[in-house]
Amino acid sequence: HVGGAPAAGARRGGALEVGRVAAAEGLAQGLIRGFPARLFNMWANALRELGDLDGARRRSEEAIELGERAAFPPPIVQARIDLLYADLAADEFGRASRLWPELHAQAAAMKAWHNWLTIGRLATARAEILLATSEPEVAAEAAHEAIDHARRVGRRKYEVASRQVLGSALLAQRRPRDAVGV
């Protein structure tokens, strides 16, 4: 979490260094459950947002391995969603589209906040997939659903990301006036 705070504040260089140190220490100490895996999830997210898709994929794969070793599903599902987002960033919409249904089923089975967080992340991803693979009207509807979910649970990051998809879908429908202020 110490590494995540600078990452959230756009000081990712410091966050990555803290993440490296924390990962090494956590693994050396044999921390239990999913905490090392969760650290790798956060690390992967920062790398993906910096455009290092290969590094992000490696951290996500490590998070999956650590989560499996700990028999702790949340970081495994989060890492698989992170891999889906890496596919989206690489314009691998076909692969993302194929992965989405299985991930959605896994997310729906999650408990407590893991459920609404993963469902929300996947709602935004679905809107992005549909924007690339379907009619813009379909993508706009999915973006509205993702926005509604993000607002209900207070996930501003995914609300903004879904609004970007909605704006792009409206532009694709030749509705620039509607896209302004989305």
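Treat the numbers as computed from the prediction; the structure is a model and nothing was measured.

Criteria and cut-off values
Residues numbered from 1 in each chain as written. Predicted model: local features only at pLDDT ≥ 70, side-chain atom pairs only at ≥ 80, totals over all residues. Heavy atoms only, no water. Helix = DSSP H or I, 4+ residues; strand = E, 2+ residues; numbered from the N terminus. Buried < 20%, exposed > 50% of the residue type's maximum accessible area, 1.4 Å probe, protein only. Contact = heavy atoms within 4.5 Å. Areas by Shrake-Rupley, 256 points an atom, 1.4 Å probe, with all protein chains shown as cover. Phe/Tyr/Trp six-rings, centres within 6.5 Å; stacked < 30°, edge-to-face > 60°. Lys NZ or Arg CZ within 6 Å of the ring centre and 35° of its normal. Axes fitted to C-alpha atoms, helices over the stretch in contact; angles between N-to-C directions. Parallel < 35°, antiparallel > 145°, perpendicular 65-115°, else oblique. Left-handed = near helix turned anticlockwise from the far one by under 90°. Nonpolar A, V, L, I, M, F, W, Y, C, P; charged D, E, K, R; others polar. Salt bridge = Lys/Arg side-chain N within 4 Å of Asp/Glu carboxyl O.

Caption draft 1: Here's a closer look at the overall build of the protein chain. Counting secondary structure elements, the protein chain contains 10 helices and zero strands. When the helices and strands of the protein chain are listed from N to C terminus, the series reads α-α-α-α-α-α-α-α-α-α. The buried share of the protein chain, reckoned over its 182 residues, is 45%. For the protein chain, long-range pairs separated by at least 24 residues make up 51% of all intrachain contacts whose partners lie at least 6 apart in sequence. Taken as a whole, the protein chain presents about 9,700 Å² of accessible surface, with 54% of it coming from carbon and sulfur.

Caption draft 2: Here's a closer look at the packing of aromatic side chains. One pass over the structure, following the stated rule, counts one aromatic pair. With a centroid separation of 5.4 Å and 45° between ring planes, the pair formed by Phe 40 and Trp 43 is classed as tilted. With Phe 40 and Trp 43 both in helix H3 (residues 35-49) and three residues apart, the pair spans about one turn of that helix. Both residues of the pair, Phe 40 and Trp 43, belong to the buried class. Looking at Arg 59, its charged tip hangs above the ring of Trp 43, at a distance of 4.7 Å from the centre.

Caption draft 3: The arrangement of the environment of Leu 83 in detail. Topologically, Leu 83 is positioned in helix H5 (residues 73-89). Sequence spacing of Leu 83 and Asn 45 is 38 residues, and the spatial spacing of their C-alpha atoms is 9.6 Å. Dropping the residues within four chain positions of it, Leu 83 is found in contact with Arg 57, Ser 60 and Ile 64.

Caption draft 4: Quick peek at the packing of helix H7 (residues 112-133) against helix H9 (residues 156-172). Interaxial distance between H7 and H9 falls to 9 Å at its minimum, and their mutual angle equals 15°. What the angle tells us is that H7 and H9 run roughly parallel. Crossing of H7 against H9: the hand is left-handed. On H9, the residues touching Arg 121, Thr 124, Ala 127, Glu 128 and Leu 131 of H7 are Tyr 158, Ala 161, Ser 162, Val 165, Ser 168 and Ala 169. Looking at the contact of H7 with H9, its residues break down into six nonpolar, three polar and two charged.

Caption draft 5: How the structure looks around the side chain of Arg 57. With respect to the element layout, Arg 57 can be found in helix H4 (residues 53-69). Residue classification places Arg 57 among the buried residues on the basis of a relative accessible area of 19%. Non-local contacts of Arg 57, meaning those with residues more than four positions away in its chain, are made with Leu 83, Ala 86, Asp 87, Ala 90 and Arg 95.

Caption draft 6: Local environment of the pattern of salt bridges. Applying the stated criterion across every chain yields a total of 14 salt bridges. We note a salt bridge from Lys 157 to Glu 49, for which the minimum N-O separation is 2.8 Å. Of this pair, Lys 157 sits in helix H9 while Glu 49 sits in helix H3, placing them 108 residues apart in sequence. In this structure, Arg 175 engages Asp 178 in a salt bridge whose closest nitrogen and oxygen atoms are separated by 2.7 Å. Several salt bridges share partner residues, and in doing so they unite Arg 57, Asp 87, Glu 92 and Arg 95 into one network.

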